[in-house]
Amino acid sequence: MVRDVVGGGPGLTVTVAPPPHPGVVDHWANAEMEIDDIADQVLAGLAGDACIDVVHGTPDGPGVDSADTGSAEGTGADPQGRTSASRPGHVRRRRVPSEPAELIAHRPRDGRGRMSDATLSKTPPEFDPFSDEYFNDPYDLYRRMRDESPVYFNEDYGFWALFRYDDVRTAHKDWQTFSSSHGVDLSTLNTDPEIIKMYRSIIMMDPPGHDRMRALVSRVFTPRAVGALEPMVREVIGSCLAPFDHAESFDAVADFSGPFPVEIICRMLGVPEGDRQQIRRWLDISLHRESGQMDPTPEGIQAAIDSSIYLLELAREKRRLPGDDMISRLTQVEVDRGDGQMTQLEDEEIAGFAGLLGGAGAETVTKLVGNAIVLFHRNPDQYRKVVDHPGKTPAAVEEILRYLPPSQYQGRFSMKESVYSGVTVPAGYPTILVTGSSSRDERFYDDPDVVDIDRAPSLALGFGYGIHSCLGAALARMESRIAIEELARRWPLFAVDEAGCARVQMSNVAGYSSVPVHRLR
Ligand code: HEM
């Protein structure tokens, strides 16, 4: 049954390609694998196990990775010599490291060494990025984390997190300490870097490989190149809004901010018209997280597989019959991989690029524009400024990105010990840089919880920072600006039915799946 779903047959090598987007990068295995391995994964996922190795697909339960016990099994050692086995069939277990001694020492206890009710109320805050609190509104918790536990170790999932602006910004620049080569999402950060290499995604690479591959596509996304796309972007956005010009209500995400970004990036990539919205549907399913679950659902794994196979097939087709689009051009470029030889990209690499860019286009702008509409409803004075002075729209985009960034954190792996806000982050741990918190840090911003589109410009950490800073930032800014301009022109007065809004539950992307809007007169 599974083989019918995924297509192909035994022996066919496929790439479960598209590691989606920053905000979005997730459980999409971009590794080469035999179709049987994929089928194993899907079956394992369908069996309902919470934790599944991305590449070799074996379900696991709670426990300690064999590598953590000091076993010499596997390859690709991390700085502490911990490894994950990559052989087929290896049972990979979620790492549950013991709590660092310095943190345990700080926990308040009663006379018998237990946490009493009285001390529990003073217990340091806990940050769970798979909790309802995180999915719905993490900002009060972020403030407590910045004040009380700015450099935090989560013992359940085994990761470190940085919450303050200065720490997040500095860590983003220090790729030697905080590597992307173990993946950038909590569900992949414990994966063997040898396996991550097979993802072939620039967001999961360190220099020099990262820089060589990023250069292949960066020309397409310069502000100048993106500027030339403005007529196309305005046409797509206008065509999504036009059907509602005389309507009394519409869903600002389902009808508008969901469909248009994927349409734009898929046009650029060369995805056929009829398939473009399917890319977004696959992504939405694969990024969804049940509360308390770090890993995707079985349906999510299946969606990732389906999407990967689709993009690989598309890359092969474009190599045979190139058109005037990015995927076709990627089939023709050559790259020096550091050995002085110029070689073409493999189809799997092209599918990886397409998956990353498609994921970016499909998710983050959708969330930013949805967040904008809710924020304008809650701050009508700020919307008035945009309606009356369209020239303020770019500043509004920056403020929305600061206030409610679609990408809440970026994952890294600590390669060496470092000290942040006086606390040592040890080598060898998944570490997340919580940009969602940093952009509300009162140590850096005046009145950070106030939406003010006239705020003085500052570095947009919402697009990341350093070598992995958002490649599509110019496109994202232009799409968001035009979306808000068109909304302001066609819907100068509106209200959101907040009770009818629905939020997504995604690993590191925040926003809405539904925002009902009605016209005010
Ligand atoms: C509002 C919309 C967007 C937001 C908030 C956003 C945010 C981010 C962030 C935070 C990163 C850094 C990831 C990291 O450090 O691990 C990033 C990287 C990236 N973004 Fe975006 N992004 C947006 C739109 C886009 C668009 C439209 C595209 C292209 C179509 C795009 C393509 C990329 C790529 C390719 C990277 C990886 C760059 C690298 O690893 O060198 N993004 N983005």
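Predicted model only: the values in this text are computed from it and were never measured.

Quick notes on the rules
Position numbers for residues start from 1 in each chain and track the written sequence from start to end. Local features in a predicted model are, by the rule used here, given only for residues with pLDDT of at least 70; side-chain atom pairs are given and counted only at 80 or more, and totals for whole chains, interfaces and linings are based on all residues. Neither water nor hydrogens contribute to the side-chain values; these are computed over all heavy atoms in the structure. In this analysis an axis means a line fitted to C-alpha atoms, helices contributing only their contacting stretch, and an angle means the value between N-to-C directions, from 0 to 180 degrees. Put simply, DSSP marks the helices as runs of H or I at least four residues long and the strands as runs of E at least two long, and each gets a number from the N terminus on. Two helices cross in a left-handed way if the nearer one is turned anticlockwise from the farther one by less than a right angle. They cross in a right-handed way if the turn is clockwise. A contact between two residues is defined here by any heavy atoms of the two lying within 4.5 Å. We define a salt bridge as a contact between a side-chain nitrogen of Lys or Arg and a carboxyl oxygen of Asp or Glu at a distance within 4 Å. Buried means the residue's accessible area, taken with a 1.4 Å probe over protein chains only, is under 20% of the maximum for its type, while exposed means over 50%, and partly exposed covers the values in between. The rule for pairing is simple: two strands pair if DSSP sees at least two bridges between them. Centres within 6.5 Å are what make two rings of Phe, Tyr or Trp a pair, Trp counting through its six-membered ring; a difference in plane orientation under 30 degrees is then read as stacked, over 60 as edge-to-face, and the rest as tilted.

### Description of the packing of helix α14 (residues 276-287) against helix α15 (residues 298-320)
Axis angle and axis distance: for two packed helices, these are the angle between their axes and the distance between the axes, and together they describe the pair. α15 packs onto α14 with a crossing angle of 145° between their chain directions and a minimal axis gap of 7 Å. For the pair α14 and α15, the sense of crossing is left-handed. Residues I279, W282, I285 and S286 of α14 pack against E299, G300, A303, A304, D306, S307, Y310 and L311 of α15.

### A word on the pattern of salt bridges
Charged atoms that come close allow side chains of opposite charge to pair. Inspection of the entire model under this criterion finds 36 salt bridges. R329 is the partner of D324 in a salt bridge, and the nearest nitrogen-oxygen pair spans 3.0 Å. Given the relative accessible area of 75%, D324 is considered exposed. Judged by relative accessible area, R329 falls into the partly exposed class, the value being 40%. Here E398 ties to R477 by a salt bridge, and the two come within 2.6 Å at their closest N and O atoms. In this pair, E398 sits in helix α19 (residues 393-403) while R477 sits in helix α21 (residues 473-490), placing the two residues 79 residues apart along the sequence.

### Considering the sheet that holds strand β8 (residues 249-251)
The 3 strands are arranged β8-β18-β15 in an open sheet whose pairing can be described as antiparallel. Whereas interior strands pair on both sides, the edge strands pair on one side only; in this sheet they are β8 and β15 (494-496). For this sheet the average axis-to-axis angle between neighbouring strands, irrespective of direction, equals 25°. Pairing analysis gives 3 bridges linking β15 to strand β18 (residues 516-519), with the strands arranged antiparallel. Residue pairing across strands places A495 opposite H518, the latter belonging to β18.

### As for the sheet that holds strand β14 (residues 430-433)
The strands making up a sheet associate through hydrogen bonds between their backbones, and the pairing can be parallel or antiparallel. Spatially, β5-β6-β14-β11-β7 is the arrangement adopted by the 5 strands of the open sheet, whose pairing is mixed. Because the sheet does not close on itself, it has two edges, and the strands there are β5 (151-154) and β7 (178-179). Direction of pairing for β7 relative to strand β11 (residues 410-414): antiparallel, over a ladder of 2 bridges. Each residue of the ladder has a partner; that of S179, found in β11, is F413.

### Here's the deal with the packing of aromatic side chains
The tally for this structure, following the rule as stated, stands at 22 aromatic pairs. With a centroid separation of 6.2 Å and 50° between ring planes, the pair formed by Y134 and Y409 is classed as tilted. You can see Y134 sitting in helix α5 (residues 132-136) and its partner Y409 sitting in the loop between α19 and β11, a full 275 residues away along the chain. Of the two residues examined, Y134 and Y409, each falls in the buried class.

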